[in-house]
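Close look at the chain arrangement
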Amino acid sequence: MWDYSETVKEHFYNPRNAGPMADANAIGEVGSISCGDALRLMLKVEPESEKILDASFQTFGCGSAIASSSALTEMIKGKTLTEALDVSNQDIADFLGGLPPEKMHCSVMGREALQSAVANFRGEEWKDDHEEGALICKCFAIDSVMIEDTIRANNLCSVEQVTNYTKAGGGCSSCHEGIEELLAKVMAERGETFSPAPPPPKTKPGKLSTLERIRRIEQVIEKARPNLIRDHGDIELVDVDGKTIYVSMKGACSGCQMEALTLGGIQQQMIEALGEIVKVVPVKAVAPTKLPA
Amino acid sequence: MSALPPIYLDNNATTRCAPEAVAAMLPYFTEQFGNPSSMHSFGAKVGHEVKAARASLQKLIGAEYDSEIVYTAGGTEADNTAILSALKASPDRKEIITTTVEHHAVLHLCDQLEKDGYIIHKLKVDGKGRLSLDEYRKLLTDKVAVVSVMWANNETGTFFPVEEMARMARDANVLFHTDAVQAVGKVEINMAESAIDMLSLSGHKLHGPKGIGALYLRRGSRFRPLLRGGGQERGRRAGTENVPAIIGLGIAAQIAREHMAFENTQVRALRDKLQAGILAAVPNAFATGDVDNRLPNTLNIAFEYVEGEAILMLLNKQGIAASSGSACTSGSLEPSHVMRAMGIPYTAAHGTIRFSLSRENTEDEIDRVIAAVPPIIAQLRKLSPYWGENGPITDPEKAFAPTYA
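Taking an unreviewed UniProt entry as the reference, chain B is identified by name as Cysteine desulfurase belonging to Parazoarcus communis SWub3 = DSM 12120. What the UniProt record of chain B gives under Subunit (unreviewed entry) is the line "Homodimer."

As annotated in an unreviewed UniProt entry, chain A carries the name Nitrogen fixation protein NifU and comes from Parazoarcus communis SWub3 = DSM 12120. Heading Function (unreviewed entry) of the UniProt record for chain A holds this comment: "May be involved in the formation or repair of [Fe-S] clusters present in iron-sulfur proteins." Note on chain A: under the UniProt heading Sequence similarities (unreviewed entry), the record states "Belongs to the NifU family."

A short note on the environment of A:Ile52
If you trace the backbone, A:Ile52 turns up in strand S3 (residues 51-60). Between the alpha carbons of A:Ile52 and A:Ile76 there is a distance of 7.1 Å; along the sequence they are 24 residues apart.

Description of the environment of B:Val149
All names here are of chain B. By the element assignment, valine 149 lies in the loop between strand S5 (144-148) and helix H6 (162-171). Counting along the chain gives 235 residues from valine 149 to serine 384, while the straight-line C-alpha distance between them is 38 Å. Those residues within four positions of valine 149 in sequence are excluded, and the remaining contacts are Thr99, Glu102, Leu131, Phe160, Val162, Met165, Phe176, His177, Thr178 and Asp179.

A short note on the packing of aromatic side chains
What describes a pair of aromatic rings is the distance from one ring centre to the other and the angle between the planes of the rings. Applying the stated criterion to the full structure yields four aromatic pairs over all chains. Geometrically, the ring pair formed by A:Phe60 and B:Tyr386 is edge-to-face, given 5.6 Å between the ring centres and 90° between the ring planes. Linking A:Phe60 in strand S3 with B:Tyr386 in the segment after helix H13 (363-383), this pair reaches from one chain into another. For the pair formed by A:Phe60 and B:Tyr386, the shared burial category is buried. Arranged with centres 5.9 Å apart and planes meeting at 50°, the rings of B:Tyr305 and B:Trp387 form a pair that is tilted. Taken as a pair, B:Tyr305 in the loop between strand S10 (298-303) and helix H9 (308-317) and B:Trp387 in the segment after H13 lie far apart in primary sequence, 82 residues in all. Each member of the pair B:Tyr305 and B:Trp387 is classed as buried. The cationic tip of B:Lys317 hangs over the ring face of A:Tyr13; the distance from NZ or CZ to the ring centre is 4.3 Å. The cationic tip of B:Arg340 hangs over the ring face of B:Tyr346; the distance from NZ or CZ to the ring centre is 3.9 Å.

So, the interface of chain B and chain A
Contacts between chain B and chain A engage 35 residues on the former and 39 residues on the latter. Applying the counting rule to chain B against chain A returns two salt bridges. The partner of B:Lys115 in a salt bridge is A:Glu181, with the nearest N and O atoms 3.0 Å apart. Linking chain B with chain A are seven residue pairs in polar contact (both at pLDDT 80 or more). For the side of chain B that touches chain A, the elements supplying multiple residues, two or more each, are helix H4 (104-115), H9, helix H10 (327-330), helix H12 (346-349) and H13 of chain B.

A look at the domain arrangement of chain B
Residue and element names in this part refer to chain B. By domain assignment, chain B separates into domain 1 (19-258) and domain 2 (259-383). Relative placement of domain 1 and domain 2: their C-alpha centres are 28 Å apart. On the domain 2 side, the residues contacting the 31 residues of domain 1 number 24 residues. When the two sides are added together, the surface that domain 1 and domain 2 hide from each other amounts to roughly 2,400 Å², 55% of it contributed by carbon and sulfur. On the domain 1 side of the contact with domain 2, Glu155, Thr156 and Lys186 bury the most area, a combined 28% of that side's loss. Across the domain 1-domain 2 interface, the total number found is zero salt bridges.

Focus on the domain arrangement of chain A
What the domain assignment lists for chain A is domain 1 (6-122), domain 2 (135-189) and domain 3 (210-290). Measuring from the centre of the C-alpha atoms in domain 2 of chain A to the corresponding centre in domain 3 of chain A gives 37 Å.

So, the pairing of strand S13 (residues 352-356) of chain B
Residue and element names in this part refer to chain B. The element S13 is extensively covered by neighbouring structure, given that five of its five residues are classed as buried. Burial of the side chains of S13 extends over both faces: Thr352, Arg354 and Ser356 are buried on one face and Ile353 and Phe355 on the other. Across five bridges, S10 lies against S13 in antiparallel orientation. Pairing of isoleucine 301 across the sheet is with isoleucine 353, part of S13. By the bridge criterion, two bridges tie strand S12 (residues 323-324) to S13 in an arrangement that is antiparallel. Note that in S13 the partner of serine 324 across the bridge is isoleucine 353.

A closer look at helix H2 (residues 41-61) of chain B
Each α-helix turn comprises 3.6 residues. Residues three or four places apart therefore point the same way. Residues and elements named next belong to chain B. Here H2 is 21 residues long and its end C-alpha atoms lie 31 Å apart, about the 30 Å a rise of 1.5 Å per residue gives. By the burial criterion, the buried members of H2 are Gly43, Val46, Val50, Ala53, Arg54, Ser56, Leu57, Gln58, Leu60 and Ile61. Next to the buried residues of H2 lie strand S2 (69-72), strand S7 (198-202), strand S8 (213-217), helix H7 (243-258) and helix H8 (260-281). Backbone geometry just after H2 places glycine 62 at a positive phi near 65°.

Procedures and definitions
Residues numbered from 1 in each chain as written. Chains lettered and ligands numbered in written order. Predicted model: local features only at pLDDT ≥ 70, side-chain atom pairs only at ≥ 80, totals over all residues. Heavy atoms only, no water. UniProt positions renumbered as here; feature names shortened; annotations may be inferred. Helix = DSSP H or I, 4+ residues; strand = E, 2+ residues; numbered from the N terminus. Contact = heavy atoms within 4.5 Å. Phe/Tyr/Trp six-rings, centres within 6.5 Å; stacked < 30°, edge-to-face > 60°. Buried < 20%, exposed > 50% of the residue type's maximum accessible area, 1.4 Å probe, protein only. Lys NZ or Arg CZ within 6 Å of the ring centre and 35° of its normal. Salt bridge = Lys/Arg side-chain N within 4 Å of Asp/Glu carboxyl O. Polar contact = N/O pair within 3.5 Å; in protein donor to acceptor, adjacent residues only side chain to side chain. Domains from an automatic or database assignment. Buried area = accessible area lost by both parts, 1.4 Å probe. Pairing = 2+ DSSP bridges. Expected span 1.5 Å × (residues − 1).

Okay, structure coming up:
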C-alpha cells in the first residue's frame, strides 16, 4: 500500500473540478492508456487577460494521478496563463503534501497537461520531450532513461560518477546493481567494457615535479589549519622524505586524543591531492636535522 | 475504513494464519525452545514434533516418503533451490523451459540465468492463459536441465496441465519442477502417483505462518543443495530448523486437508456467485484466464477504461481488500506480465482486479462486495476521459487522443 498523504487521499476521494467542460477554450491532453495514466485538462480562459476563469479534468489513472489532476485545477484557477505556467510538478506534489517517488510522474503529467492546454489556447503546438523508464533509484526517484542519457552524454564509467551526476544510488545503495547494468549496456554501445573497479586516479604517481608536489602538500596543510586554530591548535609542515610527510602538531592539538583522527583525515587528503599513497607522521621536534634518516 | 467489518479477499497474496496453528506454535517460542539436533531432552521432544509436522505435510501432498520434504524459508527459496540444483546437477545442460506467466520467483531467476549464459525458453500462453503442448514437446531435448511450470497461476488461478507435462518430461529424461504455491491446500495433490520431480509450496498461502515453505524432492532425484552447512534436512538445506513455523505449517496442512472438499464446493460457489454478481451489474468487464479450469477461490476481473489502483483505494475505503494487476500498484509502467502475456489490451489490463477467497469468507461478505463494486466502477468511469455518457467513446472524432502514446 502506498503511503499517501491525507491530502492525496482527500483529493482522490473527493476530486475537485472533475468532469467534462462544455465551453472550454483551452484543452490539454497527455498520457496514454498503455502507460496506465492519461489526463485531459480543460480550461475556460478570458481571451483579453488570459485569466483562467475555470478549470476541470478527466483522468484515467491511479489515486495519485487523480489527486494530482484535482490539485492542479485548484492551484491554477484565477491565475493568468503565464502565472499558471510557473506551477512546477514539485509545486503540485508539495500542494498534496508530497508523493511517493514512484508516483512523482503523476505530478509531471499534471504539469505537462497544463503546458499542452496553454499551447492549445495560444494556437501553438506542444511537443513533449517526455520519456520515462523503469524507476531505478527509489531514494531520489531517478529512472533508467535519465541515468542512461546522463551516462551517454558524459561518458560515465562508474557507479560513483552516476551518483555524482544524477544522485541515483546516493541513498540506500540498493540500486547499485541496476546502475551497473545500465553502465554495462551504455558502455557496450561505445565499445567499452564496464568494470566494477573505481576509475583510476587522474594523477599518476611520479608525474608531479618535486616543486609541485611540495606545493600541494602545503596547500593541504593550509586548508586544514583554520579548523585546528579554531580549536586552539595548529599544524606545521616539518619535512618531506619520500612518501613520509612529517608534521608538527601545535597548541591544543599536541597530545590531543583526537590527534590520530585529525592526522588520518589529513593523510587521506594528501593521498587524494598527490595521487599516491603517503604517510603523515607527527614529530615533536621542529628542526629537520633531528629527524630520523 | 467503513464501520462494517473488513472483508479480506486477497488470499492469494497471503492468508490469515489459522488460530489453531498459532496456538500450536507458541510453546516452541517458550518451553520447547530446544534445537532438534541436540542430544538432550530439550531437543528430543522438539525433534519428535517436527517429525509429526512433516508427516502432516507429507499427507497433504500425498508424498510417498516423509524424507521427500525439504523445509525452506518459503516458496521463493524452494523455487530457487529446485532450478539451481537442476543446473548444478547437469552442468552440460544449458537450457531451461518455463512459461511467460510464472511467478517472479521463477521468472526473475531465469532472467538472471539468461544473463549468465543459459538459454531460457518461455512458453507462450493464449488469450485464456493456456499453453501449447506442441510447442513444449518440440523444446524437450537432452539440452534441457529442468522444466519449471506453475501448477496454478497466482493472478488468474488458471491451471496448467503439469501432470501431463511432467510425464512428457520424464519420457524425455528431463527434470520437472512445479511451483505449486497457489495449488497446495486448495486442490488434491498426490505426489506418490505423479511424474513431477520437484514441487514448491509455501506455508502462508494455506493459513500457515510466513517464513516457512518446502520443496518436495522425489526420492532418487539428483539434487545439489542451495545452502550448505549443518546437516539439517539430511544435508539438503543447512540451517537450524524454523521449528515454530514447521509446527504451524503441520497444523495448517492438516486443516487444509480437512477442508479440501469445502474449498472445492462452498468456496467455489461463493467465487462463482461473486463473478456472476459483478459481471451482471458492470458493463465492459470480463473474467480473465481459463475460467472453466482454475483454482476454486480465484476470480480475476478486468474492468475496462478504469485503473486498478483507484478501484482498490475505493474498495479499501469500504473495508474490502483485493489486489490489482495494474502498473501503478507495483510502481512500474507496465501492467502485470500475466495480463500482457495473455494479450489483454491495455484498456483492460490496467483495470484488472483479483478477488481471492478462502474458507473464512461468508456469503454476506460476497453480497456486500457485489453491491459495492458497480458504483465504484461507475464513479471512476465518470472521471475517465475514455468513457462517455453510457460507454466507451468509440467515435474517432470525439475519441481521446492524447499528445503522446
